[in-house]
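Next come the chains, spelled out residue by residue.
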Amino acid sequence: NRKFTLVSRPDGEPKPSDFALVEEDLPELEDGSFLVRNHYISLDPAQRGWMSDAESYMPPIALGAAVTASAVGRVHASKNPDFPEGQWVVGLAAMEEYSVCQVGGFTAPVDASLVPSPTNFLSVLGAVGMTAYFGMIDDGKPKEGETLLVTGAAGAVGSLVGQIGKIKGCRVVGIAGGADKCAKLVDDYGFDAAIDYRGKSQAQLEAEIAAAAPDGVDLIWENVGGEIMDAGIASINEYGRMVLCGLISEYNSPEPVGTRNLWYLISRQATIKGFLVRDYPPRFPEGIAQMGQWLAEGKIKHDEDIEKGIENSYDAFMKLFSGGNQGKMILDVSPQ
Ligand code: NDP
């Protein structure tokens, strides 16, 4: 059982030496538990937070343990009649080839015959899709004719958020890194306008956002933080809302990042709402049904970026921070 383990807590950007690939024997199963052969592992910016021991909504990954991750796989051996051998399951596991799942663990059975690929349970029909769906429906509450600004717009969450905004009748403006991703926002995901943030000052970004959102911004979906978030705030309308989903530009920065434009939230009586998908698994069936329907109707497109091999864990994970990923970042560790 090969495992991608955390050996030291990263200081700033994670380094290869913060991790080790180790091989262990398969564990013995206790009654009620079962062993999953992971096929696909989800790589998420949130894992960077779980590597730290700062206060969070999740316990820190123990040093020496495999890096916590969502995964989809098949039951390989079982001492639990509810999870027979061969059953596909999805849940919180770790970056390893085999994971033991205990009674009452997160792992839920899924029907892999209903989807084009089991990877979809980590992307559009998984936590990422459910983040976009419930974050928009419950917190963003987009209304027809409003302007939605999405940061990290070409990524797994952002691309879905923007498309949900279009379905709900918004003008959607996305911010992403590079000309290719910006072209994709408009051409593939149907955004009304795209802004490339790379190499631009905050003042330039503020000007470009203002031009792309001539009526101001009613709803901001924030994935990035830092200067990009600050630039968006300058265009927020009176009583505007921000769904704060992520702050990826700040995850590797040891220093706190200041914002200059918070004043606008006061002067325009705007609201920020933090969103966590953690509380939503009981409602996933509802979100999966709606996202599944939009997919079937061709109203939503999604991309997956799949790297192969547990030995490539570090490089695949770091694509999230360089922007090298094109869609939901997934590691294929399936048996060859
Ligand atoms: P993405 O697929 O969006 O991949 C991450 C992207 O972030 C990169 O492709 C890159 O895009 C962008 N990025 C990385 N570093 C920077 C930077 N310094 N400045 C600007 N952009 C940067 O990942 P996800 O869709 O999985 O996650 C997106 C956000 O949503 C993250 O902040 C994540 O933590 C958050 N999230 C929150 C959840 C919740 O429950 N609150 C659940 C799931 C995700 P580019 O090339 O455009 O720079």
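Basis of the calculations
Residues numbered from 1 in each chain as written. Predicted model: local features only at pLDDT ≥ 70, side-chain atom pairs only at ≥ 80, totals over all residues. Heavy atoms only, no water. Helix = DSSP H or I, 4+ residues; strand = E, 2+ residues; numbered from the N terminus. Buried < 20%, exposed > 50% of the residue type's maximum accessible area, 1.4 Å probe, protein only. Contact = heavy atoms within 4.5 Å. Near = heavy atom within 4 Å. Polar contact = N/O pair within 3.5 Å; in protein donor to acceptor, adjacent residues only side chain to side chain. Areas by Shrake-Rupley, 256 points an atom, 1.4 Å probe, with all protein chains shown as cover. Pairing = 2+ DSSP bridges. Axes fitted to C-alpha atoms, helices over the stretch in contact; angles between N-to-C directions. Expected span 1.5 Å × (residues − 1). Arc of directions from axis to C-beta.

## Details of the environment of Pro142
Thinking step 1. Turning to its location among the elements, Pro142 is positioned in the loop between helix H2 (127-140) and strand E8 (147-151).
Thinking step 2. What makes Pro142 buried here is its relative accessible area of 13%.
Thinking step 3. A C-alpha to C-alpha distance of 6.5 Å links Pro142 and Gly165, two positions 23 residues apart in sequence.
Thinking step 4. Aside from chain neighbours lying at most four places away, what touches Pro142 is Met136, Lys168, Cys170, Leu219 and Arg241.

## Some words on the site of the ligand
Thinking step 1. As a structural note, the neighbourhood of the ligand is formed by 27 residues, with Lys181, Tyr197, Phe275, Val277 and Asn325 the closest of them.
Thinking step 2. A distance of 2.7 Å separates an oxygen atom of the ligand from a polar atom in the side chain of Lys181.
Thinking step 3. Take Asn325: an N or O atom from its side chain is 2.5 Å from an oxygen atom of the ligand.
Thinking step 4. Notes on the ligand: free accessible area 920 Å², of which the protein chains cover 90%.
Thinking step 5. Elements with a minimum of two residues in the shell around the ligand: helix H3 (156-167) and helix H9 (313-322).

## Remarks on the sheet that holds E8
Thinking step 1. If you trace the six strands from one edge of the open sheet to the other, you get E10-E9-E8-E11-E12-E13, paired in parallel fashion. The open sheet terminates on both sides in strands that have one partner only, identified here as strand E10 (193-196) and strand E13 (271-274). Within this sheet the neighbouring strands show an average axis-to-axis angle of 15 degrees, counted without direction.
Thinking step 2. Direction of pairing for strand E9 (residues 171-176) relative to E10: parallel, over a ladder of four bridges.

## Re helix H8 (residues 284-296)
Thinking step 1. Here H8 spans 18 Å end to end across 13 residues, near enough to the 18 Å set by a 1.5 Å rise per residue.
Thinking step 2. If you check which residues of H8 are buried, you get Phe284, Gly287, Met291 and Trp294. Each buried residue of H8 lies within a common arc of 100 degrees when the element is viewed along its axis, so the set occupies one face. Pointing more than 90 degrees away from the buried face of H8 are the exposed residues Pro285, Ala289 and Ala296.
Thinking step 3. The inward-facing, buried residues of H8 contact H2 and H3.
Thinking step 4. The positive-phi residue at the C-terminal boundary of H8 is Gly298, with phi of around 75 degrees.

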